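Listed here are the chains, written in short residue letters.
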Amino acid sequence: MVVIMKPGFTPEQLQQAIRTMEEGGVKVMVSKGTETTILGAEGNAAGINQEKLSLLPGVERVMRVTEPYKKANRKYHPDDTLVDAGGGCLVGGKKLAVIAGPCSVESEEQIVGVARAVKEAGASALRGGAFKPRTSPYAFQGMGNDGIRLLQEARAVTGLPIVTEIMSTDNVEMFEMCVDVIQVGARNMQNFDLLKQLGKTTKPILLKRGLSSTIEEWLMSAEYIMAGGNERVILCERGIRTFETFTRNTLDLSAVLAVKQLSHLPVVVDPSHACGKAWMVEKMSLAAVAAGADGLIIEVHNDPPHALCDGAQSITPDQFAALMDKLRVLAPCVGREL
Ligand code: PEP
Ligand code: MN
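Residues numbered from 1 in each chain as written. Chains lettered and ligands numbered in written order. Predicted model: local features only at pLDDT ≥ 70, side-chain atom pairs only at ≥ 80, totals over all residues. Heavy atoms only, no water.

(A) Region of interest: the coordination of the manganese ion (ligand 2). The manganese ion (ligand 2) binds to the protein through Cys103 (SG), His273 (NE2), Glu299 (OE) and Asp310 (OD); the donor distances cover 2.0 to 2.4 Å. Between consecutive donors of the manganese ion (ligand 2), the numbers of intervening residues give the motif C-x169-H-x25-E-x10-D. One end of the pair, Cys103, is in the loop between strand E7 (97–101) and helix H3 (108–121); the other, Asp310, is in the loop between strand E14 (295–299) and helix H11 (317–333), with 207 residues separating them in the sequence. (Donors = N, O, S within 2.8 Å, 3.2 Å for Na, K, Ca; no water. Helix = DSSP H or I, 4+ residues; strand = E, 2+ residues; numbered from the N terminus.)

(B) Spatial organisation of the packing of helix H10 (residues 278–290) against H11. Viewed as axis vectors pointing N to C, H10 and H11 meet at an angle of 25°, and their least axial separation amounts to 10 Å. In terms of orientation, H10 lies roughly parallel with respect to H11. Here H10 runs over H11; the crossing is right-handed. In contact with Glu282, Ser285, Leu286, Val289 and Ala290 of H10, H11 contributes Ala322, Leu323, Lys326, Leu327 and Leu330. Its residues assigned to classes, the contact of H10 with H11 shows seven nonpolar, one polar and two charged. (Axes fitted to C-alpha atoms, helices over the stretch in contact; angles between N-to-C directions. Parallel < 35°, antiparallel > 145°, perpendicular 65-115°, else oblique. Left-handed = near helix turned anticlockwise from the far one by under 90°. Contact = heavy atoms within 4.5 Å. Nonpolar A, V, L, I, M, F, W, Y, C, P; charged D, E, K, R; others polar.)

(C) Spatial organisation of the pairing of strand E10 (residues 181–184). Neither face of E10 is open: one carries Val181 and Gln183, the other Ile182 and Val184, and all of them are buried. Read as a crossover between parallel neighbours, the route from strand E9 (residues 162–166) over helix H5 (residues 172–178) to E10 is right-handed. In the sheet, E10 pairs with strand E11 (residues 205–208) via three bridges, with the strands oriented parallel. In the strand pairing of E11, Val184 is matched with Leu207. In this fold, E10 hands off to helix H6 (residues 192–198), which returns the chain to E11; that crossover is right-handed. (Buried < 20%, exposed > 50% of the residue type's maximum accessible area, 1.4 Å probe, protein only. Right-handed = clockwise from strand over helix to strand, strands pointing away. Pairing = 2+ DSSP bridges.)

(D) Representation of the side chain of His301 within the structure. Here His301 is to be found in the loop between E14 and H11. By relative accessible area, His301 is classed as buried at 3%. Within the structure, the side chain of His301 is placed 3.3 Å from the side chain of Asn302, a separation counted as a polar contact. Excluding anything up to four places from it in sequence, His301 contacts Pro102, Glu106, Gln110, Ala307, Ser314, Ile315, Thr316 and Pro317. (Polar contact = N/O pair within 3.5 Å; in protein donor to acceptor, adjacent residues only side chain to side chain.)

(E) Layout of the domain arrangement of the chain. Looking at the chain, the domain boundaries give domain 1 (2–63) and domain 2 (83–334). Using C-alpha coordinates to define each centre, domain 1 is positioned 37 Å away from domain 2. (Domains from an automatic or database assignment.)

(F) Examining the sheet that holds strand E4 (residues 59–63) more closely. Pairing within the open sheet is antiparallel, and its four strands lie in the order E2-E3-E1-E4. This sheet does not close on itself; its edge strands, each paired only once, are strand E2 (27–32) and E4. On average, adjacent strands in this sheet sit at an angle of 20° to one another, irrespective of strand direction. The sheet contact formed by strand E1 (residues 2–5) and E4 spans four bridges and is antiparallel. Note that in E4 the partner of Ile4 across the bridge is Arg61. Most of the contacts of helix H1 (residues 11–23) go to strand E3 (residues 37–42), to which it runs at about 15°, and overall it touches E1, E2, E3 and E4.

Pasting the structure below:
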């Protein structure tokens with residue numbers, strides 16, 4: 001249930017509305033937006049006397065909310081959420097956030113070199129995996145702690161905040177200390193223990209959509225993190241599994257529009273994992289921005305044919321710079337800037 005307050009309500013009227021809701025057995029979230037103030041009921045709202053509440057002075061309207069996610073729901077928080085990833089990278093505002101870097105950290109030379117190149121082209125953050133979720137146990141699993149150290153070095157050189165994937169609850173403390181944005185991969189979107197622990201951290205969480213997850217399941221995973229107290233969630237559409245095999249996944253751009261309507265959280269698009277083909281990345285990036293994405297996360301590698309992971313979908317630094325030039329032209333057409 002949400003209560004929309006009338007413009008010009010008094011503090012006493014607000015307190016009275018909150019009290020009436022609390023008497024019904026719920027906790028109340030107060031969201032003061034630019035135009036409206038909304039009270040959201042957390043918990044079972046069945047005990048609230050809806051008629052009494054709607055007749056209180058200062059109350060404009062009382063609405064039942066049928067969606068199971070509350071904190072992530074736009075009805076509870078009408079204004080867009082802006083997530084500060086550090087180093088000047090804000091996700092969810094007018095400025096597009098472009099996160100770029102290799103699938104995996106491979107060496108100091110590689111990660112620092114790519115970081116410098118993407119920074120020069122105008123990227124807002126650096127990505128790079130150190131703990132990799134690989135389908136085969138025999139494939140490169142990432143550099144682990146050494147990879148995190150190299151990302152920190154690349155950050156020190158370029159000033160770019162670092163985004164990297166967490167796989168295990170064992171690493172939550174270390175990630176909170178060392179990285180700027182903690183990525184939850186598609187395969188861990190419903191690792192509820194991990195989500196609960198991340199809810200207790202203070203770092204922004206980039207939450208990828210699960211391989212075959214519905215929009216509601218994805219938002220419920222965001223809700224797990226937010227329910228723990230961490231409301232700094234960035235959603236990431238990275239393609240879903242369909243019957244189509246030409247592309248690695250099917251990029252669901254309509255999901256960007258859907259979650260922006262259903263939720264106040266920012267959404268970025270990962271065209272690299274969605275398509276699995278480097279030659280599709282530029283056009284799908286432009287399409288994502290045209291569809292209203294708040295940013296992109298793109299795999300960029302200095303030598304894609306020899307990449308230890310995801311070379312086929314990685315673009316080169318030169319291709320990335322060319323994409324950024326196109327985004328600079330497109331952004332103002334859709335009310336954004338780069
Ligand atoms: C990645 O970002 O390298 C990755 C493994 O992504 P996803 O979880 O979307 O497959
Ligand atoms: Mn990858």
